[in-house]
Each structure stands twice: as C-alpha cells, then as structure tokens.
Amino acid sequence: MLKWLQLVPKNCNSLCTRSFYVGAVDGGLLRQAFRTDDANKDDLPLVDDSISAATALWRKEELLLRLKNLLNCSHGQTEKLYKANRKALRIFAPKLLTDNIELLRSNGIEDKFIYENPRVLSTPTDELATKLALLRELPAVEDCKMLSPFLKASLKSIQRMIDVAKQETISGGNRINYISERTSTEVAIVIKFFATNIRVYRIALDKFISNLNICLDHLEPAHVVRHLSVLAYAPASIRERLQALENSPLEKIKPWMVRVPDIALGKSFEAVIEKGTQPVFKDSVTSTWFETYVLKRMESLLGCTEETSREIYERCNGSVYLIDNIEFLLEKGVVAEMIIKQAAVLKTKREDLQQKITTLGMLHCLRNLNDVIPMCVLKTYQLKKIVNNLNNEQLGPFNTNRIYYFADNTGFKPSEVTEQFARRTFMFRVPKDSFLANLKLFLEHMNRDDILADLWAFKYSPGIVAERIARAKAVRGKKLMPWMVRCPDVVLEKSLQLTKDSGALLGENETIVEYFCKRLGFDLEVANSIIIKTPSVRNVRITKVKKVIDYLLDELDYKPNDIALNPRILMHSLQTTKKRMAQLKEIGCRPKSLIIVCKSQRQYDMFIKEWMDSKEQKKKVHQYG
C-alpha cells in the first residue's frame, strides 16, 4: 500500500486525501487530511494554505487572543497553553482547544486545572466528553469536579477503573474513599496521587486491602498515599522486605524502599555497609538509602543532631569509611566531641586510619589519645617521622614532648595545640633550643592567644626575636604582636613611627574618645554617644583623625557640631575629601551636611548632577522671569 501511494502521480493527491489516512504523500497526507476536514469548523486561516505545508500552524496571534478572551488569563498563561498544545494544532483546528475549554468549564472544572494541565486540551473533544461522563459514574463520589486529575489518564484506563469500581463492594464506596478513611487523608489529596497510579485498580480487591494493611502496619499513612504503586507487589514480597527493613539500622522506613531491586540491596548496599568497599549504586534510590543509613547511624553513634551529621557527611563527601572510622575511634576511647570537631579525619581509608592511631599510640608520654587526634589529617609517612622526632627529644622536668610542653606553659588544651601544630608542621622541625628560647620570650611580652594564632615567628632565631621585641617594646610598651618579629624591617619602622606620632598626640593613657572631646569641646558622655553611631571610628589612627579635624575646622570653617552629626567623615580618605570639597567649591556648592562627602562615587556623582541641573533650571527661570 505504501509503495503504491509513493508511485501515485501528484495530481491524485486530492483523491488520496479523501480516501486514505495512511502514509506521507507530498508533505504528510495524514496531517493535511485532518486539517482539511477541520478547517471548515474554524474561521482561523493557516499560516500557509498549501497542501504540502505539513508543518504549517494556525495563526498564533489570533489563537492567543481567543484563549485570553475565553479564559481571561495572562499573556504568560496563554503562551503556556499554546506551547503545550502546539503539536495538536498541526492536526486539529484551534476550535478543538476552545471547545475543550468550554466543555471543561461547563462540567465545573476550574481554570486552575486547565493552567496546570494544559495538555488535556489536546484530547479530542468527543474523547474528553466520554471521560467526563465515565467519571460521573464512579460510585460514592460527592463532587465529580474533584476527579479532574483522572482526565490525564487514557480512556481505556478510566473505563477499566469505572467497570471495576461498579462491580466491587468496599467500605466508602470506592477505593479512593477507602484509602482516605484508612489513612485520614483528604479525598482531594488521595485523588491527586491515585490519578498518577491508576493501575492500582488492576489489583484484585483482596490483594489491595491486604497490601494496604501490611503497609499501614509498618509505614506512615502519608507515605503510603504518596507511593500507592507499592500496593501492586505481592503481599509476601512486601511483608518480607518490610520485616528486613525493620531489622536494619534505619530508624524510618519509606515505601520506596520496598521497590528497591533485590540485587541492589543484596550486593551494592551490603557491600557498602559491611565491607566498606567503594559503592557502585544501581540507581538513585539505593544511593539515597545509603546516605540515610549513614546519617542516622552517625546521629546514634555520636549523639549529634541531624544538621551536624549531614555537615559531617558533606565534609567527607559521603565517604564509605565514615561509620567504620567512627566506630573504630570510639572503641579507642576518642570522645564524640573530638570526632565531630576533627571530622576531616573520617574520610581517611579505614586501614590508613588504623595505622595512624597505632603510630600515635607509640608516642612517649602520651596522656590521652584525644590530645593528638588532629594529627591524623597528616599523611602516614609524615606522622611516623614526626612521632620519631618527638620521641627522640625530652623537654621540661617531666621529660615530655613539645606539644605538652607548649600546652602546659600557655594554658591551652593539648588538642588545641596539636591542631595548630598539624597546620604548621615546621613547629616539629624547629630546633629544640630555638623553640624553648622563643617560647619564653613570647610568653614574657605577648598574649598567649596571639602566640598560638601566629606560629610563624618561631622560625626566626632567638637573637632576632629578642632584638625585634626590644625595639617594639621601647615604642609600643606592652602592646606587642608576633607579626612584629617576622615583618620586614621597613614595615616595623613605619608601624613604630605611627605609634610614636599617636603617642605624641594622645599622651599617656589618653584614648581617641578623650581626644575627640578635647578637640571638639564635648564632654565624655556626649562624645561616647556620638561615636556609638560609628564605632569603627575608634580604630582610626589618631594622626589621621587630627588631620581631618584640622582640615574641616581650620581650612573649611566647619563647626564641631557638623563633625558630630557625621563622624563617618573621620574614617573617610582625607585625599578624597579634599578633592570633593574642591569640586563642590568650584560649582558653588557648600553642603550643609558632610554626609555627601562620604557617599559612594555613584551617589556623589548623582548629587553633583542634580545640583547642576537645579542650578541650570534656576538660571533659565531667572532669564525668562
């Protein structure tokens, strides 16, 4: 037949159009045949009336306007309706869409359903009317409009559902109401999920009730409603899988776990959990189950929250060694708080972590394994070398190692010292004499928190450290920091010079607030209330504050109250302030408030533009006034 059609001359196309709806002669006779028949039913012309234009569409603008007038919807909604039914418009006339909309609305279907399910409009009108008529026959339905989600199903499926529903006797009158009663779920919600699992009506009634009872005994009702397809499995299989899941470490069981293939559970999941091998998941369901298992197991082992367990899981990139490593560390006496804090060590391979713990156990004078756990982030060979070095030296009267010696002298916890030393491994390589001498110097002149936070200063010889501290102390007194030991000489000199200049201005024990009072003539209470608005002013160098105040008061003749109303000017660059003030003076503007000088460049430029426009406008009014 197809070969004969291909050989027929093109002048026979009109005959073929009336006689056959098979094949594709001269651009698609099947589509054009439908168009030819339907064209008389709608007054919208085709974009291209030629018979060979198989892909031609009806005029979009006119159709969109018709849909908008009919549904009173937005442009975006009409576009969505058009795109969803674009393929149907290659076969059917636009009247199909408008007829279906009128049919649905006449049956009480809300416009919201049409917007959310636009493909329903592509159904032939007679078929759509048949579906609506069938749904009205469903027993024990109070409002047929609630059954609108079933319109997306095929006519054959709906027919089968109605036939089965009429023949069976069940509490509630139909399976939808029965599930609603058993799960205490609203009928509308049950219909929503039932429509996507309409094959549930293929299940025998006894099997349906039996499976529902089994699932409700083990699962949450809301989860059962969302996964009705589980009811299609054999009762023995469902019961066996649910019992296996109950005996697993999982605290919550969900219906999708019943549908996981046995091969995925038996090989992939068990291999991951029991043997710690790298997982090769057959599907996303098994992967999700593994993640759920690990999270719940971590919560149980560590006594932590769900947020904490998920944070650890993400930090370790879902490592398969997580649970094994946690159990191993807990067996060795490592506390849960330390494991949570040092979660990075959990992604180490199980064999490597065991080797590291064994190496740490060989450390002389080890008081508690928790003190040195942060060192597990190092490589195995690094850890062995460090432990050997620590064992070869003895510090203090109790012959301890440098971790405990540092902790005892500074008052830090050994684990805090170990964590910083593991980040700065040179601390294990600094010569013993330099380590002891520098630590003594730092403790005499610096704060212990600053010392631990900046260990780089230990790399310098005690002679250089002592010389730098002496130079800095002569100027700064007790306010010494480790960076003064390791910074370039030029930086140190500049810092000390600034300190001298500030000291010359403030004198002994005078604060920036007190200087603010003295220069502007306010009492201490008023000055504090002003600076509270901009607390960052306290961190500005006093030399800069002096220069800004001198410029504003002496050169520009501003008043102390002007500075008090906008203390931010003291933080602003003096160079930029002078540049902007010069520009403002040039255009004849003396701002009443200094706030405009502190604005961003964009805001400042906008102010200048508005000022110039206003000035030009006044000039024109004066000329023509």
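Counting of residues starts from 1 at the beginning of each chain's written sequence and follows it residue by residue. In view of the model being predicted, local features appear only for residues whose pLDDT reaches at least 70, and side-chain atom pairs are presented and counted only at 80 or more, with totals across whole chains, interfaces and linings using the full set of residues. Working from all heavy atoms in the structure, the side-chain values ignore hydrogens and water.

Can you help me understand the overall build of the protein in this one?
The helix count covers DSSP runs of H or I at least four residues long, the strand count covers runs of E at least two residues long, and both are numbered beginning at the N terminus. Of regular secondary structure, the protein possesses 34 helices and zero strands. For the exposure calls, accessible area comes from a 1.4 Å probe over protein chains only, and a residue counts as buried if that area is under 20% of its type's maximum, exposed if over 50%, partly exposed in between. Here the protein holds 625 residues, and 44% of them are scored as buried. Relative to all contacts within the protein whose residues are 6 or more apart in sequence, the contacts with residues 24 or more apart total 60%. Computed with a 1.4 Å probe, the accessible areas rest on the Shrake-Rupley method; for each residue, only the protein chains presented here act as cover. Element-wise, carbon and sulfur atoms account for 51% of the exposed surface of the protein, whose accessible area totals about 34200 Å². Contacts are residue-level and defined by heavy atoms, with any inter-residue pair within 4.5 Å sufficient.

Before we go on, may I ask you to explain the packing of helix α4 (residues 60-71) against helix α5 (residues 75-84) in this structure?
Two numbers describe a pair of packed helices, the interaxial angle and the distance between the axes. Think of each axis as a best-fit line through the C-alpha atoms, taken over the contacting stretch in the case of a helix, with angles from 0 to 180 degrees between the N-to-C directions. For the pair α4 and α5, interaxial distance at closest approach is 10 Å and the crossing angle is 120 degrees. When the interaxial angle is binned, α4 and α5 end up oblique. Regarding α4 and α5, the two cross each other, and that crossing is right-handed. Seen from α4, the contacting residues are K60, L63, L64, L67, K68 and L71; seen from α5, they are T78, E79, L81 and Y82. Here the nonpolar group is Ala, Val, Leu, Ile, Met, Phe, Trp, Tyr, Cys and Pro; Asp, Glu, Lys and Arg are the charged ones; every other residue, Gly included, is treated as polar. Of the residues assigned to the contact of α4 with α5, the class counts are six nonpolar, one polar and three charged. An angle counts as roughly parallel when it lies under 35 degrees, as roughly antiparallel when it exceeds 145, as roughly perpendicular when it falls between 65 and 115, and as oblique in every other case. Helix crossings are classified by the rotation of the near helix relative to the far one: an anticlockwise turn of less than a right angle makes the crossing left-handed, while a clockwise turn makes it right-handed.

What's the story with the nonpolar core in this structure? I'm lost.
The tendency in soluble globular proteins is for nonpolar side chains to be buried side by side. Of all hydrophobic cores here, the largest spans 67 residues; its most connected members are L329, L346 and F406. Not counting chain neighbours up to four residues away, the residues in contact with F406 comprise V417, F421, F435, L439, I451, L452, L455 and F458. Throughout this description, the term nonpolar core refers to a set of buried Ala, Val, Leu, Ile, Met, Phe, Trp, Tyr and Cys residues connected via side-chain atoms within 4.5 Å.

It is not clear to me how the packing of aromatic side chains should be interpreted in this structure. Could you clarify?
The description of an aromatic ring pair uses the distance of the two centres, along with the angle that the planes make with each other. Ring pairs are drawn from Phe, Tyr and Trp, using the six-membered ring of Trp, whenever the two centres fall within 6.5 Å, and their geometry is named by plane angle: stacked under 30 degrees, edge-to-face over 60, tilted for the rest. This model, assessed by the stated rule, comprises eleven aromatic pairs. Centroid distance F406 to F435: 6.5 Å. Interplanar angle 40 degrees. Geometry classified as tilted. Separated by 29 residues along the polypeptide, F406 in helix α22 (residues 402-410) and F435 in helix α24 (residues 432-445) bring together distant segments of the chain. With respect to class, F406 is no different from F435; both count as buried. Linked through ring pairs, Y405, F406, F421, F428, F435, F442 and F458 together constitute an aromatic cluster. Here, over-ring charges are defined by two tests on the NZ atom of lysine or the CZ atom of arginine: distance to the ring centre within 6 Å, and angle to the ring normal within 35 degrees. Just above the ring of F435 sits the side chain of R402; from NZ or CZ to the centre is 4.8 Å. It is R590 that lies over the ring of Y558; its NZ or CZ is 4.2 Å from the centre.

What's the story with helix α20 (residues 350-361) in this structure? I'm lost.
Two residues of an α-helix separated by three or four positions point the same way, owing to the 3.6 residues in each turn. Across its twelve residues, α20 extends 17 Å between first and last C-alpha, which sits within 8% of the 16 Å expected from 1.5 Å per residue. Taken residue by residue, α20 has L353, K356, I357, T359 and L360 as its buried positions. Around the axis of α20, the buried residues are gathered within 160 degrees of arc, so they sit on the same side. Considering only its buried residues, α20 is in contact with α18 (322-331) and α21 (380-391). Given the number of residues in a helix, its expected span is that number minus one, multiplied by 1.5 Å. As used here, the arc is the angular range of directions from the helix axis to the C-beta atoms.

Explanation requested: the confidence of the model for the protein in the structure shown.
For every residue, the predictor reports its confidence as pLDDT, a number between 0 and 100. When pLDDT is averaged along the protein, the result is 78, and 79% of the positions lie at 70 or above. A low-confidence stretch, residues 1-40 stays under pLDDT 50, and its non-local contacts, those more than four residues away or across chains, total 46 contacts. Confidence over residues 48-56 falls short of pLDDT 50; this stretch has 18 contacts with residues more than four positions distant or in other chains.

Please explain the environment of Y460 as it appears in this structure.
Relative to the elements of secondary structure, Y460 occurs in the loop between α25 (448-453) and α26 (462-476). Along the chain, Y460 and F435 lie 25 residues apart, while their C-alpha atoms are 9.6 Å from each other. Here Y460 is in contact with N438, V465, V485 and R486, once residues within four sequence places are set aside.

What am I meant to see in unusual backbone geometry here?
Glycine aside, residues mostly have negative phi angles, and peptide bonds mostly take the trans form. Positive phi outside glycine occurs at S184, with the angle close to 55 degrees. Phi angles above zero are rare outside glycine, and C365 is one such case at about 60 degrees. Take C365: it is sitting in the loop between α20 and α21.

Looking at this structure, how should I read the packing of α22 against helix α23 (residues 414-423)?
Across the interface, α22 lies against α23 with an axial gap of 9 Å and an inter-helix angle of 120 degrees. If you check the angle between α22 and α23, you find them oblique. Crossing geometry of α22 relative to α23 is assigned as right-handed. Seen from α22, the contacting residues are R402, I403, Y404, F406 and A407; seen from α23, they are P414, V417, T418 and F421. When grouped by side-chain class, the residues that make up the contact of α22 with α23 number seven nonpolar, one polar and one charged.

Could you clarify how one ought to interpret the side chain of Q342 in this entry?
Along the chain, Q342 turns up in the loop between α19 (336-341) and α20. Ignoring anything within four residues of it in the chain, the contact list for Q342 reads I373, P374 and E419.

Before we go on, may I ask you to explain the pattern of salt bridges in this structure?
As a working rule, side chains carrying opposite charge can pair if their charged atoms are close by. When a carboxyl oxygen of Asp or Glu lies within 4 Å of a side-chain nitrogen of Lys or Arg, that pair is called a salt bridge. Evaluation of the coordinates by the stated rule reveals 13 salt bridges. K95 serves as the salt-bridge partner of D99, at 3.0 Å between the closest nitrogen and oxygen. Of the two residues, D99 and K95 are both situated in helix α6 (residues 95-106); the distance of four residues between them amounts to about one turn of the helix. A relative accessible area of 23% means that D99 is categorised as partly exposed. Of the charged contacts, one joins D324 and R350 as a salt bridge, the two residues approaching to 2.8 Å between their closest N and O atoms. Taken together, the residues D324 in helix α18 and R350 in helix α20 connect sequence positions 26 residues apart. On the accessibility criterion, R350 (23% relative accessible area) is partly exposed.

Explain the side chain of N197 here, please?
Examined against the element boundaries, N197 turns out to sit in the loop between α11 (187-196) and α12 (205-218). For the purposes of these results, a polar contact is taken to be a pair of N or O atoms within 3.5 Å, where, inside protein, one atom must be able to donate a hydrogen and its partner to accept one; residues adjacent in sequence count only when each atom of the pair is a side-chain atom. Within the structure, the side chain of N197 is placed 3.2 Å from the side chain of T196, a separation counted as a polar contact. Excluding residues that lie within four positions of it along the chain, N197 makes contacts with L228 and S229.

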